[in-house]
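Okay, here's what each chain looks like letter by letter:
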Amino acid sequence: MTAWWTFDLPGSPSRDSALFNNAAVFTGGVTTAAGVVDRAACFNGDGAFATVANHPEINFAGACAQSEPIFIDAWIRTGQSSGVVTILDKRSVTPTDLRGYSLFLANGRPGFQIATGPGAQVCAAATNTAASCTNEIAPTTVNVADNQWHFVAVRVAPRCGPNARGTIFVDGNIVHTFVPRQGDIANTSSLFIGQRNPALGQSFYRGCIDELEIIKRGLTDAEAFAIFNAGPRGKCKKPLP
């Protein structure tokens, strides 16, 4: 684990409970409310978001065969069931050279973008070399925009080679698997929580996010389920000084 925002304490910035303190700075009226584990950060869908400064811990560096594995998870609650809604976004700001990653909802369905640039901003299949990015989205039978808490996670591990594989989880269950786009996704942009990188157009999240984590290891299916199954018990935290 390289970043873990529990959002338990009110006020800004929100402390990172893992390793280097990648503080999440609130903008536009982010509030806290009851979450799955203690408190959660809540966004109004109209200008509220959080920003985390660029740091190696929130980048997934390397191309084949040194690429770092990806595991990102969070509890989310939203009623935004239409359009593209950004949960988190760490992508470069040049539209013709997108590079990075983004976790989002598309019409209520969890999705994950891998951008390796350069190329067109419109994402396409991984085999389309003219596009700079690929979107992977859960099937239409999966909709988490029902104003209930859901555990959403994405795993890309290994990221390259013949065994490269990506997985999207909802509530501990695998809902989508894919062959990930391969290439270096590290960039110098900030990480945005609750908003798309504003250089790429605004897309604000309306709802709450709890226990957001970034992990540079491909957690097993059982480990992903265990986080979900722990529910309000959460995970052990380091004691505050």
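Presented here is a report on the structure given in the accompanying data block. Small disclaimer: the values here were computed from a predicted structure and weren't measured. (Residues numbered from 1 in each chain as written. Predicted model: local features only at pLDDT ≥ 70, side-chain atom pairs only at ≥ 80, totals over all residues. Heavy atoms only, no water.)

Attention now moves to the overall build of the protein. Per the secondary structure count, the protein includes 1 helix and 15 strands. At 16 Å, the protein has a C-alpha radius of gyration in line with the 18 Å of a compact globule built from 241 residues. Sorting the 241 residues of the protein into buried and exposed places 53% on the buried side. In the protein, once contacts between residues fewer than 6 apart in sequence are set aside, the share between residues at least 24 apart is 64%. Split by element, the accessible area of the protein, about 9800 Å² in all, is 55% carbon and sulfur. Taken as two groups, the 19 positive and 18 negative side-chain charges of the protein have centres that lie 2 Å from each other. (Helix = DSSP H or I, 4+ residues; strand = E, 2+ residues; numbered from the N terminus. Rg over C-alpha atoms; globule rule 2.2 N^0.38 Å. Buried < 20%, exposed > 50% of the residue type's maximum accessible area, 1.4 Å probe, protein only. Contact = heavy atoms within 4.5 Å. Areas by Shrake-Rupley, 256 points an atom, 1.4 Å probe, with all protein chains shown as cover. Lys, Arg positive; Asp, Glu negative; His and termini not counted. Charge placed at Lys NZ, Arg CZ, Asp CG, Glu CD.)

Under the definition given, this model contains 2 disulfides. Across the disulfide from C42 sits C208; the S-S distance is 2.0 Å. Note on the C42 and C208 pair: the S-S dihedral is about 100°, so by sign convention the disulfide is right-handed. Of this pair, C42 sits in strand β4 (residues 39-44) while C208 sits in strand β15 (residues 206-215), and the two are 166 residues apart along the sequence. Comparing C42 with C208, the two get one shared label, buried. Here C123 connects covalently by a disulfide to C133, the sulfurs 2.1 Å from one another. Of note, the bridge from C123 to C133 carries an S-S torsion of about -105° and is left-handed in sense. (Disulfide = S-S within 2.5 Å.)

Now for the pairing of strand β11 (residues 150-156). Within β11, 7 of the 7 residues are buried, leaving the element largely enclosed by the surrounding structure. The side-chain alternation of β11 yields two buried faces, one formed by H150, V152, V154 and V156 and the other by F151, A153 and R155. Relative to strand β12 (residues 166-170), β11 is paired through 5 bridges, and the arrangement is antiparallel. Bridge assignment links V154 to a residue of β12, and that residue is I168. (Pairing = 2+ DSSP bridges.)

This part is about the nonpolar core. Core analysis: the largest hydrophobic core is formed by 41 residues, its most contacted members being W5, I72, Y101, I193 and I209. Broken down by element, this core gets its largest block of residues, 4 residues, from strand β6 (residues 70-78). For I209, the contacting residues outside a window of four places in its chain are F7, A40, A41, F43, A74, W75, I76, I87, W149 and I193. (Core = buried A, V, L, I, M, F, W, Y, C linked by side-chain atoms within 4.5 Å.)

Aromatic ring pairs are described here by two measures, namely the spacing of the ring centres and the angle between the planes. In this structure the tally under the stated criterion is 11 aromatic pairs. Taken together, a centroid distance of 5.2 Å and an interplanar angle of 70° make the contact between F60 and Y101 edge-to-face. Here F60, found in the loop between β5 (49-52) and β6, pairs with Y101, found in strand β8 (residues 100-106); they are 41 residues apart in sequence, far enough to count as distant. Judged on exposure class, the residue F60 and its partner Y101 are both buried. Ring-pair connections join several aromatic residues into one group, and the members of that group are W75, F151, F225 and F228. Of note, K216 hangs over the ring of F60, and the distance from its end group to the ring centre comes to 5.9 Å. (Phe/Tyr/Trp six-rings, centres within 6.5 Å; stacked < 30°, edge-to-face > 60°. Lys NZ or Arg CZ within 6 Å of the ring centre and 35° of its normal.)

So far we have only geometry, and geometry alone does not tell us how the molecule works.
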